[in-house]
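# Topology and contacts: notes
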Amino acid sequence: MTPPSTLPAQGSSLPSPLDLGGRTALVTGAAGGIGRACALRLAAAGAKVRAVDRDAAGLEELAEPARGLAGAVEPHVLDLTDLDAAELAAAGTDVLVNNAGLQLVRPIEEFPPDVFHTVLTVMLEAPFRLIRGALPHMYGQGWGRIVNVSSVHGLRASAFKAAYVAAKHGLEGLSKTAALEGAAHGVTSNCVNPAYVRTPLVEKQIADQAAAHGIPEERVVSEVMLQDSAVKRLIEPEEVAEAVAYLCSPHASFVSGTSLVLDGGWTAH
């Protein structure tokens, strides 16, 4: 296996395929949506993937699509609010994908403080603990890849999403700090920033968005979700997974401390 940090010989006309054979990856929120797509994509590249989620049934459904891939997908049922267990689960990880998330759409004055706390725990504190758990192994071998699935909301704010926007903005800062500290050890850290992705998390937002904005549900996608996007469609989870895979590839070894934006032109305004 060509080490992931080694570039193809000069004069090679095509990039080498991503080869994560012998590597262990951990993906949170792996039972569905972006996490599911990432787990399968990294397993297709040969990684042994620890698929982490609190949804045991959803993790079991990964078995069939994972069959026959170069790597393997191993379900790991875990609630990320158990921060000690999250840090322990990351030990020995070569590739860490912090993806798990949740959403509630409410005005700040109506936002439940306990939900705000839970969102920050799952989407910011848990990634910190997972990175903390993964770094000793990454540093020891001189190679590691941290990919934080952020959002366009890590770069821009939207009304009624105080917890989600706060968590994603914090994740951007955490990712940059990990990049600065990890550079001397062969570890990169980056964010991937999609706009609205066709996932159950987004589908569940429609009713909340309709109530918050005072419009019918059928108008939410076109008038709220896609309003600021030049490309008028939702992103597919597999597109995000391919961006994650790129950041793990040899050709991304100089990419660190940045955000790979997949927002259909949203932030071009």
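This section reports on the structure supplied with the text. In this text the structure is predicted, and so the values were computed from the model without any measurement.

## What to know about the overall build of the protein chain
The helix and strand tally for the protein chain stands at 9 helices and 7 strands. Along the longest, intermediate and shortest principal axes, the C-alpha atoms of the protein chain span 55 × 40 × 40 Å. The buried share among the 269 residues of the protein chain stands at 49%. For the protein chain, long-range pairs separated by at least 24 residues make up 73% of all intrachain contacts whose partners lie at least 6 apart in sequence. When the accessible surface of the protein chain is split by element, carbon and sulfur atoms take 56% of a total near 12100 Å². Both charge centroids of the protein chain, one from 20 positive and one from 29 negative side chains, sit 4 Å from each other.

## So, the pattern of salt bridges
Under the defined criterion, the tally for this structure stands at 11 salt bridges. Between Arg23 and Asp94 there is a salt bridge whose closest N-O contact spans 3.9 Å. On the criterion of sequence distance, the pair formed by Arg23 in the segment before strand 1 (24-28) and Asp94 in the loop between helix 4 (83-89) and strand 4 (95-98) is long-range, its members being 71 residues apart. For Arg132, the salt bridge goes to Glu87, with nearest N and O atoms at 2.6 Å. Here Arg132 is found in helix 5 (residues 113-141), whereas its partner Glu87 is found in helix 4, with 45 residues between them in sequence. With a relative accessible area of 48%, Arg132 lands in the partly exposed category. Accessibility expressed as a relative area gives 16% for Glu87, which makes it buried. The structure contains a network of salt bridges with shared partners spanning Asp84, Glu87, Arg129 and Arg132.

## Quick word on the environment of Arg106
As for its position among the elements, Arg106 is in the loop between strand 4 and helix 5. Measuring from C-alpha to C-alpha, the distance between Arg106 and Ala159 comes to 8.5 Å, with 53 residues separating the pair along the chain. Not counting chain neighbours up to four residues away, the residues in contact with Arg106 comprise Phe111, Phe160, Lys161 and Asp208. A distance of 3.4 Å separates polar atoms of two side chains, one belonging to Arg106 and the other to Asp208.

## Comments concerning the packing of helix 5 against helix 6 (residues 162-182)
When two helices pack together, their arrangement is given by the angle between their axes and by how far apart the axes lie. The contact between helix 5 and helix 6 brings their axes to 8 Å, and the two run at 15°. Between helix 5 and helix 6, the angle is such that the two are roughly parallel. Two packed elements cross with a definite hand, and for helix 5 against helix 6 that hand is right-handed. Residue-level inspection shows Phe116, Val119, Leu120, Met123, Leu124, Pro127, Phe128, Ile131 and Tyr139 of helix 5 in contact with helix 6, the latter providing Ala162, Ala163, Tyr164, Ala166, Ala167, Lys168, Gly170, Leu171, Leu174, Glu181 and Gly182. Looking at side-chain class alone, the contact of helix 5 with helix 6 contains 16 nonpolar, 2 polar and 2 charged residues.

## Quick look at helix 5
Here helix 5 spans 41 Å end to end across 29 residues, near enough to the 42 Å set by a 1.5 Å rise per residue. The principal kink in helix 5, of about 40°, is found at Thr121. Trailing helix 5 by a residue or two, Gly142 shows a phi angle of about 75°, which is positive.

## Describing the side chain of Thr24
Mapped onto the elements, Thr24 comes out in strand 1. Overall, the relative accessible area of 10% leaves Thr24 in the buried class. If sequence neighbours within four positions are ignored, Thr24 has contacts with Lys48, Arg50, Gly92, Thr93, Asp94 and Val95.

Each value, and the rule that gives it
- Residues numbered from 1 in each chain as written.
- Predicted model: local features only at pLDDT ≥ 70, side-chain atom pairs only at ≥ 80, totals over all residues.
- Heavy atoms only, no water.
- Helix = DSSP H or I, 4+ residues; strand = E, 2+ residues; numbered from the N terminus.
- Buried < 20%, exposed > 50% of the residue type's maximum accessible area, 1.4 Å probe, protein only.
- Contact = heavy atoms within 4.5 Å.
- Areas by Shrake-Rupley, 256 points an atom, 1.4 Å probe, with all protein chains shown as cover.
- Lys, Arg positive; Asp, Glu negative; His and termini not counted.
- Charge placed at Lys NZ, Arg CZ, Asp CG, Glu CD.
- Salt bridge = Lys/Arg side-chain N within 4 Å of Asp/Glu carboxyl O.
- Polar contact = N/O pair within 3.5 Å; in protein donor to acceptor, adjacent residues only side chain to side chain.
- Axes fitted to C-alpha atoms, helices over the stretch in contact; angles between N-to-C directions.
- Parallel < 35°, antiparallel > 145°, perpendicular 65-115°, else oblique.
- Left-handed = near helix turned anticlockwise from the far one by under 90°.
- Nonpolar A, V, L, I, M, F, W, Y, C, P; charged D, E, K, R; others polar.
- Expected span 1.5 Å × (residues − 1).
- Bend = angle between axes of the 7 residues up to and from the residue.

Keep in mind these values describe shape, not function.
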